[in-house]
Amino acid sequence: MENTEQPANLEQMLDLLAEGVEDDDKVSVRTMLQAAGSRSFAPALLLAGLIMFSPLSGIPGLPTVAALLVMLIAGQMLIGRNYFWLPDFIEGRVVPRKKFDLMLHWMYPVARFIDRFLKPRFTLLTGNAGTMLLTLTCMLIAISVPPLEIVPFLSSAAGALLVLLSLSMIANDGLVAMVAILLFAGMLWGGGAQLT
């Protein structure tokens, strides 16, 4: 059953996922999206970030599926759609229930720590023009994920940035957005420096 509630922070997002997923052996991306509010852009981006950041990133191919999820959602945000569409091969991807429960268990302490810092501020960066910049940054991060997946759990760094960017949109927190953008710029600079 699809949720119409919007999470206000990361812990509320985890609560929605915990309450909205049925007691099955496997959990599909479609079910997770419905629990999160399946046609809301920022919660869907947050879900993709959680998949990459949490122990779920250790499932082969799943970080790349999450990156495709980000690309499709962010692309539809940029063209001004009110709701997004996703193909069945993404929505139908499943994860074992034990790994899903592990993600929730692992993420709750992280959520409680992050949520203490979230509040509306520097809202110019989370307004209309600012959201475009954040959305483009999400797309750039997603592009970096498939090469990172060669090394297990390295995509978690990209997932952490996506979590911060999507939370900044949800909580209207421009400071968190700035931190995420600066961290991503640092990652790019560090990666470029190693290649030269």
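Look a little higher up for the structure.
Below you will find a few notes about this structure. It should be emphasised that the depicted structure is a prediction, and the values quoted were computed from it without experimental measurement. (Residues numbered from 1 in each chain as written. Predicted model: local features only at pLDDT ≥ 70, side-chain atom pairs only at ≥ 80, totals over all residues. Heavy atoms only, no water.)

What follows concerns the environment of R121. Relative to the helices and strands, R121 is located in the loop between α6 (97-115) and α7 (128-148). In this structure, the C-alpha to C-alpha distance between R121 and S168, residues 47 residues apart in sequence, is 9.6 Å. In contact with R121, other than residues within four places in its own chain, are N172, D173, G174, L175 and V176. Engagement of the side chain of R121 in a polar contact is seen with the side chain of D173, the distance being 2.8 Å. (Helix = DSSP H or I, 4+ residues; strand = E, 2+ residues; numbered from the N terminus. Contact = heavy atoms within 4.5 Å. Polar contact = N/O pair within 3.5 Å; in protein donor to acceptor, adjacent residues only side chain to side chain.)

The subject of this paragraph is the pattern of salt bridges. Proximity of charged atoms lets side chains of opposite charge pair with each other. A full pass over the atoms with the stated rule returns five salt bridges. We note a salt bridge from R30 to E91, for which the minimum N-O separation is 3.1 Å. Of this pair, R30 sits in helix α2 (residues 29-36) while E91 sits in helix α5 (residues 88-91), and the two are 61 residues apart along the sequence. The exposure class of R30 is partly exposed, given its relative accessible area of 29%. Across the salt bridge formed by D173 and R121, the nearest N and O atoms sit 2.8 Å from each other. Placement of the pair is D173 in the loop between α8 (155-171) and α9 (174-195) and R121 in the loop between α6 and α7, with a sequence separation of 52 residues. One connected set of salt bridges, linked through shared partners, spans R30, D88 and E91. (Salt bridge = Lys/Arg side-chain N within 4 Å of Asp/Glu carboxyl O. Buried < 20%, exposed > 50% of the residue type's maximum accessible area, 1.4 Å probe, protein only.)

We now examine α8. Side chains that are three or four residues apart share a direction in an α-helix, a result of its 3.6 residues per turn. When the terminal C-alpha atoms of α8 are compared, their 24 Å separation across 17 residues agrees well with the 24 Å that a helix rising 1.5 Å per residue should span. Judged by how many residues are buried, α8 sits mostly within the fold: 15 of 17 residues are covered. Phi turns positive one or two residues past the end of α8, at N172, with a value near 60°. (Expected span 1.5 Å × (residues − 1).)

Nothing here speaks to function; it is geometry throughout.
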